[in-house]
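Close look at the chain arrangement
Here is how the chains run, residue by residue.
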Amino acid sequence: MTQFKTIAQSLTDLDLAAYYAPIHYQDTDSTKYSGDYITRFDYDNDWRGTNNWDNLFQFALNAHGYYSVVETCTHWFITYSFFHPQDWTDIPFDQEHENDLEGLLTIVRKDGSTYGKLEGIVTVFHRDFYSYTPVGSPLTNGTENIDGTLTTSSYGGSQHPLTSQEAKGHGLKAWPNAGNFQGASNEDGIIYYPSKTITEVPASGNDRSVQYLLLNVFASNGMWQHQLNEASLSSSSSITFASWGTFKGDSSGGCGAGTPTCSENSANTPWGWDDSNDSGVYKGEMALDPAHLTDVYFNGLGNFDTAYIRNQFIQDLRDRGYNSANLPQGWPSQINLNSLIGKLKNQCF
């Protein structure tokens, strides 16, 4: 394993994330194109969760995508997520809510090459997860069935997964399985391409080349740091989060106008994502314990390590003094935090 450790030390998380970041097909609806633009949570220059709906037309919606990397001796696990200030509708009797963050887990085997080999992805489509594998992947059905073949495309010197996302509700699957946009000239939509340095604003709801800037979830004053800072606060005292893994959101700014309801506190982070009907995988594990999710969802894994030589989610919780006797506010009851901390190790043997 010495070879893998040397590679990992010379490769930055941004390098790795950029290598596999999705080429993203975002369906848009002409009723409100900007409601489907991807951006960053603090696009309006603050971390207040209850004014993101209200500020949609007040600030530029520069394209961003979030990522995080955790590592075992055999794999890298990269989560990507795309934020929308509104989960909206123009359909009577449908429901809206403030803030929206859906995305995917990317599973990469450390095969001795610089960037490893992509073996599969698991996407978040509201309250369901969908899994896809590229041609030639060794992964087979586990407790969950693989939902389809993952298409990739060359860009910037590497093969990138193609993902697609609905307009309005923004459920995400592998392309072309979500929404009504596959890239044709007569379809409404935006094709977003990943970048390490550039963020662009779409020219319109029909733009076929917009660069999104990759943001590390673990960045200083970023999303994860705000979660840790509010992890012990009540919802009434917090600004960004209503509880663990769930953004604050209210009905101000017209959320729910023309529909029966605007649900509050309804958008989740990767450490709050949950499939409503899978078995043996619990809320937040896609980010917190992706090796376990992968081990449950797939067979054909071969040599596969489920302990982490790098997992900042777990490390930061431990270092902040959280454990099974001192849990963050709203921590999922099915996950034993002490057991999660026990999955950290210092080296590969």
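The structure contained in this document is the topic of the report that follows.

Quick look at the side chain of Ser 131
Residue placement: Ser 131 occurs in strand β6 (residues 128-133). One polar contact links the side chain of Ser 131 to the main-chain carbonyl oxygen of Asn 145, over a distance of 3.3 Å. With sequence-adjacent residues up to four places away left out, Ser 131 is seen in contact with Ile 121, Val 122, Asn 145, Ile 146, Asp 147, Gly 148 and Phe 298.

Overview of the packing of aromatic side chains
Applying the stated criterion to the full structure yields 21 aromatic pairs. Aromatic side chains Tyr 43 and Phe 59 sit 6.2 Å apart centroid to centroid with 90° between the ring planes, which places their arrangement in the edge-to-face category. Linking Tyr 43 in the loop between β1 (23-27) and β2 (64-71) with Phe 59 in the loop between β1 and β2, this pair joins segments that are 16 residues apart in sequence. Look at Tyr 43 and you get buried, because its relative accessible area is 6%.

Considerations on the state of the cysteines
As enumerated under the stated definition, the model contains two disulfides in all. Each sulfur in the disulfide pair Cys 255 and Cys 262 lies 1.9 Å from the other. Negative torsions about the S-S bond denote left-handed disulfides, and the value of about 90° found for Cys 255 with Cys 262 makes this one right-handed. A residue is classified by how much of its surface remains accessible, and Cys 255, at 7% relative accessible area, is buried. By sequence order of its bonded cysteines, the protein has the disulfide arrangement 1-4, 2-3.

Details of the side chain of Asp 207
Here Asp 207 is to be found in strand β13 (residues 206-216). Here Asp 207 occupies a buried position and makes no salt bridge, while the nearest side chain of opposite charge, Arg 208, is found at 7.0 Å. Here the side chain of Asp 207 touches Ala 203 through a polar contact of 2.9 Å, landing on its backbone nitrogen. When neighbours within four sequence positions are excluded, Asp 207 is seen to be in contact with Gly 189, Ile 190, Ile 191 and Pro 202.

Quick notes on the rules
- Residues numbered from 1 in each chain as written.
- Predicted model: local features only at pLDDT ≥ 70, side-chain atom pairs only at ≥ 80, totals over all residues.
- Heavy atoms only, no water.
- Helix = DSSP H or I, 4+ residues; strand = E, 2+ residues; numbered from the N terminus.
- Polar contact = N/O pair within 3.5 Å; in protein donor to acceptor, adjacent residues only side chain to side chain.
- Contact = heavy atoms within 4.5 Å.
- Phe/Tyr/Trp six-rings, centres within 6.5 Å; stacked < 30°, edge-to-face > 60°.
- Buried < 20%, exposed > 50% of the residue type's maximum accessible area, 1.4 Å probe, protein only.
- Disulfide = S-S within 2.5 Å.
- Lys, Arg positive; Asp, Glu negative; His and termini not counted.
- Salt bridge = Lys/Arg side-chain N within 4 Å of Asp/Glu carboxyl O.

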